[in-house]
Amino acid sequence: MRVAAHTLGCKLNFAETSQLLRRFAQAGHTVVDFHEEADLYIVNTCTVTAVAERKCRTAIRQAVRQNPKAQVAVVGCFAQNGRQQIEKIEGVTWILGNDEKHRLLEIVERAEKAESELSAELIKDGRWEFAGAWSSGDRTRAFLKIQDGCDYFCTYCAIPQARGRSRSATIEEVVKMAEECAKSGAKEIVLTGVNTGTFGQQRGESFIELLRKLDDIESIARYRISSIEPNLITDEIIEFTARSRAFLPHFHIPLQAGSDNVLRLMHRHYDTALYREKVEKIKSEMPDACIAADIIAGCNGETEDDFGEAKAFLNTLPLSYLHVFTYSERPNTMALKITPKTDMHQRRKRSQELHELSEKKMRAFVESQVGKERKVLWESSRHDGEMYGLTDNYIRVRREYDPELSNTVTEVVLSKENIVVGAPTD
Ligand code: SF4
(Lines give C-alpha, C1' and ligand atoms only; values in the text may rest on other atoms or scores of the structure.)
Protein backbone atom coordinates (compact mmCIF):
# COMPACT_ATOMS: atom_id res chain seq x y z
CA MET A 1 0.00 0.00 0.00
CA ARG A 2 1.27 3.51 -0.82
CA VAL A 3 0.83 5.79 2.20
CA ALA A 4 1.11 9.60 2.28
CA ALA A 5 0.64 12.03 5.16
CA HIS A 6 0.10 15.72 5.71
CA THR A 7 0.54 17.31 9.13
CA LEU A 8 -0.93 20.50 10.53
CA GLY A 9 -0.25 22.07 13.90
CA CYS A 10 2.38 21.51 16.53
CA LYS A 11 5.64 19.60 16.86
CA LEU A 12 3.81 16.85 18.71
CA ASN A 13 1.67 16.22 15.63
CA PHE A 14 4.79 16.13 13.42
CA ALA A 15 6.44 13.60 15.73
CA GLU A 16 3.30 11.46 15.76
CA THR A 17 2.97 11.52 11.96
CA SER A 18 6.60 10.38 11.64
CA GLN A 19 5.92 7.57 14.07
CA LEU A 20 2.82 6.48 12.13
CA LEU A 21 4.70 6.51 8.82
CA ARG A 22 7.62 4.61 10.33
CA ARG A 23 5.21 1.90 11.51
CA PHE A 24 3.63 1.68 8.06
CA ALA A 25 7.09 1.42 6.43
CA GLN A 26 8.19 -1.26 8.93
CA ALA A 27 5.04 -3.24 8.04
CA GLY A 28 6.11 -3.24 4.37
CA HIS A 29 4.08 -0.30 3.04
CA THR A 30 5.62 2.42 0.86
CA VAL A 31 5.65 6.00 2.11
CA VAL A 32 5.16 8.58 -0.66
CA ASP A 33 4.84 12.35 -0.80
CA PHE A 34 1.41 13.82 -0.03
CA HIS A 35 1.26 15.27 -3.55
CA GLU A 36 1.65 11.84 -5.13
CA GLU A 37 -1.01 9.24 -5.77
CA ALA A 38 -1.43 7.07 -2.68
CA ASP A 39 -3.75 4.31 -1.46
CA LEU A 40 -4.00 5.81 1.99
CA TYR A 41 -3.79 9.50 2.86
CA ILE A 42 -3.34 10.46 6.49
CA VAL A 43 -4.22 14.02 7.50
CA ASN A 44 -3.01 14.70 11.05
CA THR A 45 -5.13 17.66 12.11
CA CYS A 46 -5.02 20.64 14.44
CA THR A 47 -7.84 22.46 16.21
CA VAL A 48 -5.97 25.35 17.80
CA THR A 49 -7.74 28.06 15.75
CA ALA A 50 -10.54 28.37 13.21
CA VAL A 51 -7.86 29.00 10.56
CA ALA A 52 -6.11 25.74 11.47
CA GLU A 53 -9.40 23.86 11.08
CA ARG A 54 -9.98 25.45 7.67
CA LYS A 55 -6.52 24.32 6.55
CA CYS A 56 -7.36 20.79 7.74
CA ARG A 57 -10.53 20.73 5.63
CA THR A 58 -8.54 21.93 2.59
CA ALA A 59 -5.94 19.18 3.07
CA ILE A 60 -8.64 16.51 3.43
CA ARG A 61 -10.35 17.67 0.20
CA GLN A 62 -6.99 17.71 -1.58
CA ALA A 63 -6.38 14.08 -0.57
CA VAL A 64 -9.83 13.01 -1.77
CA ARG A 65 -9.30 14.85 -5.10
CA GLN A 66 -5.88 13.31 -5.71
CA ASN A 67 -7.18 9.77 -5.63
CA PRO A 68 -10.92 9.36 -5.09
CA LYS A 69 -10.39 5.61 -4.65
CA ALA A 70 -7.88 6.08 -1.82
CA GLN A 71 -8.70 5.65 1.86
CA VAL A 72 -8.46 8.92 3.78
CA ALA A 73 -7.70 8.81 7.49
CA VAL A 74 -8.31 12.06 9.34
CA VAL A 75 -6.58 11.87 12.71
CA GLY A 76 -5.58 14.13 15.59
CA CYS A 77 -7.06 17.10 17.39
CA PHE A 78 -9.66 18.32 14.87
CA ALA A 79 -10.71 14.68 14.34
CA GLN A 80 -11.20 14.47 18.09
CA ASN A 81 -13.18 17.68 18.51
CA GLY A 82 -14.74 18.23 15.10
CA ARG A 83 -15.90 14.76 14.09
CA GLN A 84 -19.30 15.98 12.90
CA GLN A 85 -17.77 18.56 10.58
CA ILE A 86 -15.37 16.03 9.10
CA GLU A 87 -18.14 13.47 8.58
CA LYS A 88 -19.72 15.91 6.13
CA ILE A 89 -16.67 15.75 3.82
CA GLU A 90 -17.21 13.10 1.20
CA GLY A 91 -14.46 10.50 0.78
CA VAL A 92 -13.23 10.32 4.39
CA THR A 93 -12.73 6.70 5.47
CA TRP A 94 -11.51 6.97 9.05
CA ILE A 95 -11.84 9.66 11.69
CA LEU A 96 -9.59 8.85 14.61
CA GLY A 97 -9.04 11.21 17.52
CA ASN A 98 -5.88 11.38 19.58
CA ASP A 99 -6.98 8.46 21.72
CA GLU A 100 -7.08 6.20 18.66
CA LYS A 101 -4.71 7.49 16.02
CA HIS A 102 -1.63 5.49 17.07
CA ARG A 103 -3.65 2.36 16.16
CA LEU A 104 -4.18 3.40 12.55
CA LEU A 105 -1.93 0.67 11.11
CA GLU A 106 -3.84 -2.08 12.93
CA ILE A 107 -7.15 -0.52 11.96
CA VAL A 108 -6.27 -0.26 8.26
CA GLU A 109 -4.74 -3.75 8.13
CA ARG A 110 -7.72 -5.29 9.88
CA ALA A 111 -10.05 -3.64 7.43
CA GLU A 112 -7.88 -4.90 4.56
CA LYS A 113 -8.26 -8.43 5.85
CA ALA A 114 -12.01 -7.99 5.35
CA GLU A 115 -12.64 -7.62 9.04
CA SER A 116 -14.40 -4.53 7.94
CA GLU A 117 -16.44 -4.13 11.11
CA LEU A 118 -13.76 -2.79 13.34
CA SER A 119 -14.08 -4.11 16.83
CA ALA A 120 -15.03 -1.29 19.13
CA GLU A 121 -12.74 -2.87 21.72
CA LEU A 122 -9.68 -2.37 19.55
CA ILE A 123 -10.14 1.31 19.95
CA LYS A 124 -11.69 1.43 23.41
CA ASP A 125 -8.93 -0.66 25.05
CA GLY A 126 -6.34 1.93 24.38
CA ARG A 127 -8.29 5.01 25.26
CA TRP A 128 -5.83 7.67 26.28
CA GLU A 129 -2.88 5.36 26.74
CA PHE A 130 0.48 7.02 26.07
CA ALA A 131 1.90 6.46 22.61
CA GLY A 132 5.56 7.37 22.26
CA ALA A 133 6.70 9.01 19.03
CA TRP A 134 9.65 10.72 17.44
CA SER A 135 10.17 12.34 14.08
CA SER A 136 13.31 12.04 12.08
CA GLY A 137 12.55 14.78 9.50
CA ASP A 138 15.80 16.58 8.83
CA ARG A 139 18.45 14.03 9.87
CA THR A 140 20.12 16.49 12.24
CA ARG A 141 17.18 17.18 14.60
CA ALA A 142 14.53 14.87 16.04
CA PHE A 143 11.34 15.79 17.88
CA LEU A 144 10.75 13.33 20.68
CA LYS A 145 7.33 13.10 22.30
CA ILE A 146 7.68 12.50 26.03
CA GLN A 147 4.24 13.54 27.30
CA ASP A 148 0.69 14.03 26.02
CA GLY A 149 -2.54 15.63 27.23
CA CYS A 150 -3.14 18.25 29.91
CA ASP A 151 -4.99 18.52 33.24
CA TYR A 152 -4.95 22.31 33.43
CA PHE A 153 -8.17 23.27 31.62
CA CYS A 154 -7.21 26.87 30.82
CA THR A 155 -10.46 28.60 29.95
CA TYR A 156 -9.61 29.38 26.29
CA CYS A 157 -8.09 25.98 25.44
CA ALA A 158 -9.66 22.92 23.83
CA ILE A 159 -6.53 20.76 24.08
CA PRO A 160 -7.62 18.74 27.15
CA GLN A 161 -10.76 17.72 25.22
CA ALA A 162 -8.70 16.92 22.14
CA ARG A 163 -5.77 15.14 23.76
CA GLY A 164 -7.14 13.91 27.09
CA ARG A 165 -5.56 14.01 30.53
CA SER A 166 -1.83 14.32 31.11
CA ARG A 167 0.18 11.14 30.72
CA SER A 168 3.72 10.34 29.76
CA ALA A 169 6.30 7.72 28.86
CA THR A 170 8.58 6.34 31.57
CA ILE A 171 12.14 7.63 31.84
CA GLU A 172 13.33 4.24 30.59
CA GLU A 173 11.10 4.47 27.49
CA VAL A 174 12.25 8.02 26.68
CA VAL A 175 15.92 7.02 27.06
CA LYS A 176 15.30 4.11 24.64
CA MET A 177 13.64 6.42 22.09
CA ALA A 178 16.46 8.96 22.44
CA GLU A 179 18.98 6.22 21.69
CA GLU A 180 16.96 5.28 18.59
CA CYS A 181 17.05 8.95 17.51
CA ALA A 182 20.84 8.92 17.94
CA LYS A 183 21.11 5.73 15.85
CA SER A 184 19.09 7.41 13.08
CA GLY A 185 21.82 10.09 12.97
CA ALA A 186 20.12 12.91 14.88
CA LYS A 187 22.52 15.10 16.85
CA GLU A 188 19.84 17.22 18.51
CA ILE A 189 16.61 16.20 20.24
CA VAL A 190 13.70 18.53 20.98
CA LEU A 191 11.62 17.20 23.88
CA THR A 192 7.97 17.78 23.05
CA GLY A 193 4.65 17.39 24.80
CA VAL A 194 1.47 19.32 25.53
CA ASN A 195 2.50 20.15 29.08
CA THR A 196 6.04 18.75 29.29
CA GLY A 197 6.70 19.93 32.84
CA THR A 198 4.08 17.46 34.13
CA PHE A 199 6.19 14.58 32.79
CA GLY A 200 6.19 11.55 35.06
CA GLN A 201 3.71 12.91 37.61
CA GLN A 202 1.41 9.89 37.41
CA ARG A 203 4.29 7.45 37.60
CA GLY A 204 6.23 8.84 40.53
CA GLU A 205 8.94 10.15 38.21
CA SER A 206 9.85 13.76 37.45
CA PHE A 207 10.92 15.97 34.58
CA ILE A 208 14.23 16.90 36.22
CA GLU A 209 15.11 13.21 36.70
CA LEU A 210 14.43 12.70 32.99
CA LEU A 211 16.69 15.60 32.02
CA ARG A 212 19.53 14.17 34.14
CA LYS A 213 19.23 10.72 32.54
CA LEU A 214 19.11 12.16 29.00
CA ASP A 215 22.16 14.32 29.63
CA ASP A 216 24.15 11.11 30.16
CA ILE A 217 23.49 9.84 26.60
CA GLU A 218 26.77 10.93 25.00
CA SER A 219 25.63 10.14 21.44
CA ILE A 220 23.18 13.08 21.59
CA ALA A 221 25.04 16.38 21.37
CA ARG A 222 22.20 18.74 22.18
CA TYR A 223 18.71 18.87 23.71
CA ARG A 224 16.06 21.55 23.68
CA ILE A 225 12.90 21.63 25.79
CA SER A 226 10.19 22.63 23.32
CA SER A 227 8.01 24.45 25.84
CA ILE A 228 7.42 24.45 29.59
CA GLU A 229 4.79 26.19 31.72
CA PRO A 230 6.20 29.02 33.92
CA ASN A 231 4.94 27.44 37.14
CA LEU A 232 6.72 24.18 36.28
CA ILE A 233 10.13 25.53 35.31
CA THR A 234 11.78 25.24 38.69
CA ASP A 235 15.04 26.86 39.75
CA GLU A 236 16.45 23.33 39.81
CA ILE A 237 15.64 22.88 36.10
CA ILE A 238 17.14 26.29 35.23
CA GLU A 239 20.32 25.65 37.22
CA PHE A 240 20.63 22.15 35.78
CA THR A 241 20.29 23.48 32.21
CA ALA A 242 22.96 26.11 32.84
CA ARG A 243 25.46 23.49 33.98
CA SER A 244 24.45 20.45 31.93
CA ARG A 245 26.50 18.84 29.16
CA ALA A 246 23.88 19.02 26.43
CA PHE A 247 20.78 21.08 27.38
CA LEU A 248 20.77 24.32 25.42
CA PRO A 249 20.15 27.90 26.60
CA HIS A 250 16.84 28.14 24.79
CA PHE A 251 13.45 28.30 26.50
CA HIS A 252 9.90 28.61 25.30
CA ILE A 253 7.70 29.64 28.21
CA PRO A 254 4.02 30.29 27.43
CA LEU A 255 2.85 33.58 28.95
CA GLN A 256 -0.53 33.91 27.17
CA ALA A 257 -1.46 37.22 28.82
CA GLY A 258 0.63 40.01 30.29
CA SER A 259 -1.86 41.22 32.90
CA ASP A 260 -2.83 39.48 36.12
CA ASN A 261 -6.50 40.16 35.50
CA VAL A 262 -6.50 38.22 32.21
CA LEU A 263 -4.24 35.46 33.59
CA ARG A 264 -6.89 34.92 36.31
CA LEU A 265 -9.69 34.82 33.72
CA MET A 266 -7.66 32.29 31.75
CA HIS A 267 -7.21 30.10 34.89
CA ARG A 268 -3.47 30.09 34.34
CA HIS A 269 -1.38 28.79 37.23
CA TYR A 270 0.86 31.84 37.80
CA ASP A 271 0.91 35.62 37.78
CA THR A 272 3.12 38.14 36.01
CA ALA A 273 5.44 38.40 39.04
CA LEU A 274 6.21 34.67 38.91
CA TYR A 275 6.76 34.86 35.16
CA ARG A 276 9.20 37.73 35.55
CA GLU A 277 11.06 35.86 38.31
CA LYS A 278 11.59 32.84 36.02
CA VAL A 279 12.77 34.90 33.05
CA GLU A 280 15.17 36.86 35.24
CA LYS A 281 16.50 33.70 36.88
CA ILE A 282 17.25 32.23 33.42
CA LYS A 283 19.00 35.40 32.30
CA SER A 284 21.08 35.55 35.47
CA GLU A 285 22.24 31.96 34.95
CA MET A 286 22.52 32.14 31.13
CA PRO A 287 22.78 35.76 29.93
CA ASP A 288 22.73 34.77 26.24
CA ALA A 289 19.72 32.45 26.52
CA CYS A 290 16.96 32.77 23.96
CA ILE A 291 13.56 33.00 25.68
CA ALA A 292 10.35 32.92 23.63
CA ALA A 293 6.83 33.44 24.94
CA ASP A 294 3.41 32.51 23.56
CA ILE A 295 0.86 35.27 23.89
CA ILE A 296 -2.80 35.47 22.95
CA ALA A 297 -4.13 38.79 21.60
CA GLY A 298 -7.70 39.80 22.39
CA CYS A 299 -8.94 37.00 24.65
CA ASN A 300 -12.46 37.56 25.96
CA GLY A 301 -12.31 39.76 29.06
CA GLU A 302 -9.13 41.57 27.98
CA THR A 303 -9.89 45.30 28.24
CA GLU A 304 -7.84 48.14 26.73
CA ASP A 305 -6.34 48.73 30.18
CA ASP A 306 -5.35 45.06 30.51
CA PHE A 307 -3.75 45.16 27.09
CA GLY A 308 -1.86 48.36 27.98
CA GLU A 309 -0.61 46.64 31.14
CA ALA A 310 0.48 43.63 29.08
CA LYS A 311 2.48 45.78 26.66
CA ALA A 312 4.21 47.59 29.52
CA PHE A 313 5.03 44.24 31.13
CA LEU A 314 6.39 42.79 27.89
CA ASN A 315 8.44 45.90 27.17
CA THR A 316 10.39 45.46 30.38
CA LEU A 317 10.95 41.71 30.10
CA PRO A 318 14.15 40.37 28.50
CA LEU A 319 12.31 38.09 26.07
CA SER A 320 13.87 37.26 22.67
CA TYR A 321 10.64 37.08 20.68
CA LEU A 322 6.91 36.28 20.95
CA HIS A 323 4.67 33.70 19.33
CA VAL A 324 1.52 35.76 18.88
CA PHE A 325 -1.88 34.10 18.49
CA THR A 326 -5.06 36.01 17.77
CA TYR A 327 -7.78 34.77 20.11
CA SER A 328 -10.16 32.35 18.42
CA GLU A 329 -13.27 30.93 20.13
CA ARG A 330 -13.02 27.18 20.67
CA PRO A 331 -16.28 25.26 21.13
CA ASN A 332 -17.10 24.04 24.64
CA THR A 333 -14.50 26.18 26.38
CA MET A 334 -15.22 28.28 29.45
CA ALA A 335 -13.84 31.44 27.84
CA LEU A 336 -16.97 31.62 25.67
CA LYS A 337 -18.87 32.81 28.76
CA ILE A 338 -16.35 35.54 29.69
CA THR A 339 -17.37 39.13 29.09
CA PRO A 340 -16.72 41.66 27.70
CA LYS A 341 -16.11 39.92 24.38
CA THR A 342 -13.26 41.37 22.39
CA ASP A 343 -14.35 42.15 18.84
CA MET A 344 -12.39 40.92 15.84
CA HIS A 345 -11.11 44.38 14.95
CA GLN A 346 -9.58 44.79 18.44
CA ARG A 347 -8.10 41.30 18.36
CA ARG A 348 -6.38 41.96 15.04
CA LYS A 349 -5.13 45.38 16.13
CA ARG A 350 -3.64 43.98 19.34
CA SER A 351 -2.16 41.06 17.46
CA GLN A 352 -0.48 43.45 15.01
CA GLU A 353 0.97 45.49 17.88
CA LEU A 354 2.34 42.37 19.53
CA HIS A 355 3.88 41.18 16.24
CA GLU A 356 5.66 44.55 15.97
CA LEU A 357 6.88 44.26 19.54
CA SER A 358 8.12 40.74 18.84
CA GLU A 359 10.12 41.91 15.81
CA LYS A 360 11.68 44.66 17.89
CA LYS A 361 12.68 42.16 20.58
CA MET A 362 14.02 39.70 18.04
CA ARG A 363 16.21 42.39 16.41
CA ALA A 364 17.56 43.49 19.79
CA PHE A 365 18.31 39.89 20.78
CA VAL A 366 20.09 39.11 17.53
CA GLU A 367 22.11 42.35 17.67
CA SER A 368 23.18 41.52 21.23
CA GLN A 369 24.77 38.33 19.87
CA VAL A 370 26.84 39.90 17.08
CA GLY A 371 30.55 39.26 17.70
CA LYS A 372 29.90 36.34 20.08
CA GLU A 373 31.06 32.80 19.42
CA ARG A 374 28.24 30.24 19.49
CA LYS A 375 27.96 26.54 18.70
CA VAL A 376 26.06 25.82 15.46
CA LEU A 377 24.57 22.52 14.34
CA TRP A 378 24.68 22.55 10.53
CA GLU A 379 21.78 21.09 8.56
CA SER A 380 22.33 18.88 5.55
CA SER A 381 20.31 20.58 2.81
CA ARG A 382 21.78 23.00 0.28
CA HIS A 383 20.01 26.24 -0.77
CA ASP A 384 21.57 28.33 -3.56
CA GLY A 385 25.06 27.18 -2.65
CA GLU A 386 24.51 27.87 1.07
CA MET A 387 23.72 25.82 4.16
CA TYR A 388 21.90 26.76 7.37
CA GLY A 389 22.25 25.93 11.00
CA LEU A 390 20.97 26.90 14.45
CA THR A 391 23.08 28.24 17.26
CA ASP A 392 22.64 26.77 20.73
CA ASN A 393 20.61 29.90 21.57
CA TYR A 394 18.36 29.49 18.53
CA ILE A 395 19.69 31.98 16.01
CA ARG A 396 19.59 30.87 12.40
CA VAL A 397 22.89 31.30 10.57
CA ARG A 398 24.15 30.64 7.06
CA ARG A 399 27.46 29.84 5.40
CA GLU A 400 28.79 28.58 2.09
CA TYR A 401 27.73 24.97 1.53
CA ASP A 402 30.27 22.42 2.71
CA PRO A 403 29.00 18.80 2.77
CA GLU A 404 31.68 17.89 5.34
CA LEU A 405 29.98 20.14 7.88
CA SER A 406 26.50 18.72 7.53
CA ASN A 407 25.23 17.34 10.86
CA THR A 408 28.27 18.55 12.75
CA VAL A 409 28.60 21.21 15.44
CA THR A 410 31.16 24.01 14.93
CA GLU A 411 31.98 27.25 16.73
CA VAL A 412 30.93 30.31 14.75
CA VAL A 413 31.49 34.00 15.43
CA LEU A 414 28.14 35.67 14.74
CA SER A 415 28.09 38.64 12.38
CA LYS A 416 25.50 40.73 10.54
CA GLU A 417 26.47 38.76 7.40
CA ASN A 418 25.99 35.22 8.70
CA ILE A 419 22.88 35.76 10.83
CA VAL A 420 19.58 35.07 9.06
CA VAL A 421 17.28 37.73 10.48
CA GLY A 422 13.66 36.93 11.32
CA ALA A 423 11.91 34.73 13.81
CA PRO A 424 13.14 31.14 13.95
CA THR A 425 11.06 28.64 12.06
CA ASP A 426 9.10 27.14 14.95
S1 SF4 B 1 -1.66 24.31 29.91
FE2 SF4 B 1 -3.58 25.32 29.38
S3 SF4 B 1 -3.19 26.12 27.32
FE4 SF4 B 1 -1.64 24.56 27.66
S5 SF4 B 1 -2.55 22.68 26.84
FE6 SF4 B 1 -3.02 22.74 29.02
S7 SF4 B 1 -5.09 23.64 29.07
FE8 SF4 B 1 -4.21 24.14 27.07
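Rules behind the numbers
- Residues numbered from 1 in each chain as written.
- Predicted model: local features only at pLDDT ≥ 70, side-chain atom pairs only at ≥ 80, totals over all residues.
- Heavy atoms only, no water.
- Helix = DSSP H or I, 4+ residues; strand = E, 2+ residues; numbered from the N terminus.
- Rg over C-alpha atoms; globule rule 2.2 N^0.38 Å.
- Buried < 20%, exposed > 50% of the residue type's maximum accessible area, 1.4 Å probe, protein only.
- Areas by Shrake-Rupley, 256 points an atom, 1.4 Å probe, with all protein chains shown as cover.
- Contact = heavy atoms within 4.5 Å.
- Polar contact = N/O pair within 3.5 Å; in protein donor to acceptor, adjacent residues only side chain to side chain.
- Pairing = 2+ DSSP bridges.
- Axes fitted to C-alpha atoms, helices over the stretch in contact; angles between N-to-C directions.
- Parallel < 35°, antiparallel > 145°, perpendicular 65-115°, else oblique.
- Left-handed = near helix turned anticlockwise from the far one by under 90°.
- Nonpolar A, V, L, I, M, F, W, Y, C, P; charged D, E, K, R; others polar.
- Disulfide = S-S within 2.5 Å.
- Right-handed = clockwise from strand over helix to strand, strands pointing away.
- Near = heavy atom within 4 Å.
- Domains from an automatic or database assignment.
- Buried area = accessible area lost by both parts, 1.4 Å probe.
- Salt bridge = Lys/Arg side-chain N within 4 Å of Asp/Glu carboxyl O.
- Phe/Tyr/Trp six-rings, centres within 6.5 Å; stacked < 30°, edge-to-face > 60°.
- Lys NZ or Arg CZ within 6 Å of the ring centre and 35° of its normal.

So, on to the overall build of the protein chain. A count of helical and extended segments in the protein chain gives 14 helices and 18 strands. In terms of overall size, the protein chain behaves like a compact globule, its C-alpha atoms giving a radius of gyration of 22 Å where 426 residues would be expected to give roughly 22 Å. Its C-alpha atoms give the protein chain principal-axis dimensions of about 65 × 60 × 45 Å. Within the span of the protein chain, comprising 426 residues, buried residues form 56% of the whole. Of the roughly 18,700 Å² of accessible surface on the protein chain, 48% is carried by carbon and sulfur atoms.

This paragraph deals with the environment of threonine 410. Of note, threonine 410 is situated in strand S18 (residues 409-413). Relative accessible area serves as the criterion here: at 22%, threonine 410 is assigned to the partly exposed category. Spatially, the C-alpha atom of threonine 410 lies 48 Å from that of threonine 342, the residues being 68 residues apart in sequence. Once residues lying within four places of it in the same chain are set aside, the contact partners of threonine 410 are Arg374, Lys375, Val376, Trp378 and Leu405. A distance of 2.8 Å separates the side chain of threonine 410 from the side chain of tryptophan 378, its partner in a polar contact.

Below, the discussion takes up the sheet that holds strand S13 (residues 290-297). One open sheet holds the three strands; their spatial order is S12-S13-S14, and the pairing between them is parallel. On the outer flanks of this sheet lie strand S12 (250-252) and strand S14 (321-326), each paired with one strand and no other. The mean inter-strand angle of the sheet, taken between neighbouring strand axes irrespective of direction, is 15°. Across three bridges, the pairing between S12 and S13 is parallel. Paired with histidine 252 across the bridge in S13 is alanine 292. Sitting on the sheet, helix H14 (residues 344-369) is in contact with S13 and S14, with an inclination near 165° to S14.

Next up on the list: the packing of helix H10 (residues 235-243) against helix H12 (residues 272-285). Following both chains from N to C, one finds H10 and H12 inclined at 25°, their axes separated by 10 Å at the closest point. Here H10 is positioned roughly parallel relative to H12, judged by the angle of their axes. Judged by the twist between their axes, the crossing of H10 over H12 is right-handed. Contacts between H10 and H12 involve Asp235, Ile238, Glu239, Ala242 and Arg243 from the first element and Lys278, Lys281, Ile282 and Glu285 from the second. The residue inventory of the contact of H10 with H12, partitioned by class, reads three nonpolar, no polar and six charged.

Once that is clear, we can look at the state of the cysteines. Tallied over the full model, the rule gives zero disulfides. Here cysteine 77 stays unpaired: no disulfide links it, and the sulfur of cysteine 46, its closest cysteine neighbor, is 6.3 Å away.

Most of strand S4 (residues 71-76) sits inside the fold, with six of its six residues counted as buried. In the sheet, strand S3 (residues 40-45) pairs with S4 via six bridges, with the strands oriented parallel. When the bridges of S4 are listed, leucine 40 appears paired with glutamine 71. The parallel pair S3 and S4, bridged by helix H2 (residues 50-66), forms a crossover whose chirality is right-handed. Pairing geometry for S4 and strand S5 (residues 94-96), over three bridges, is parallel. Paired with valine 74 across the strands is isoleucine 95, a residue of S5.

Between threonine 339 and the following residue, proline 340, the backbone shows a cis peptide bond with an omega angle of -5°. As for its placement among the helices and strands, proline 340 is situated in the loop between S14 and H14. Although it is not a glycine, histidine 267 sits at a positive phi angle of roughly 60°. Residue position: histidine 267 is located in the loop between helix H11 (260-265) and H12. A positive phi angle is found at aspartate 384, which is not glycine, with a value near 45°. Structurally, aspartate 384 is set in the loop between strand S15 (373-378) and strand S16 (386-391). Residue classification places aspartate 384 among the exposed positions, given a relative accessible area of 81%.

Attention now moves to the site of the ligand. Near the ligand the following residues occur: Cys150, Tyr152, Phe153, Cys154, Tyr156, Cys157, Ile159, Pro160, Val194, Glu229 and Arg268. In terms of residue class, the shell around the ligand is built from nine nonpolar, no polar and two charged.

Parsing the protein chain into structural domains produces domain 1 (2-124), domain 2 (133-368) and domain 3 (373-413). The gap between the C-alpha centroids of domain 2 and domain 3 is 25 Å. Each partner contributes residues to the interface: domain 2 has 17 residues there, and domain 3 has 16 residues. A per-residue breakdown of the area domain 2 buries against domain 3 is headed by Thr140, Lys187 and Arg222, which together make up 34% of the total. Linking domain 2 with domain 3 are one salt bridge. When the shortest N-O distance is used, the salt bridge between aspartate 288 and arginine 374 registers 3.0 Å. The interface formed by domain 2 and domain 3 holds eight residue pairs in polar contact (both at pLDDT 80 or more) in total. Those elements giving two or more residues to the side of domain 2 that touches domain 3 turn out to be strand S11 (222-225) and H14. In terms of residue class, the side of domain 2 that touches domain 3 is made up of six nonpolar, three polar and eight charged.

What follows covers the packing of aromatic side chains. Under the defined criterion, the tally for this structure stands at five aromatic pairs. Geometrically, the ring pair formed by tyrosine 270 and tyrosine 275 is tilted, given 6.4 Å between the ring centres and 40° between the ring planes. The pair formed by tyrosine 270 and tyrosine 275 is uniform in burial state, with each residue classed as buried. For lysine 145, the ring lying beneath its charged end belongs to phenylalanine 130, and the centroid distance is 5.1 Å.

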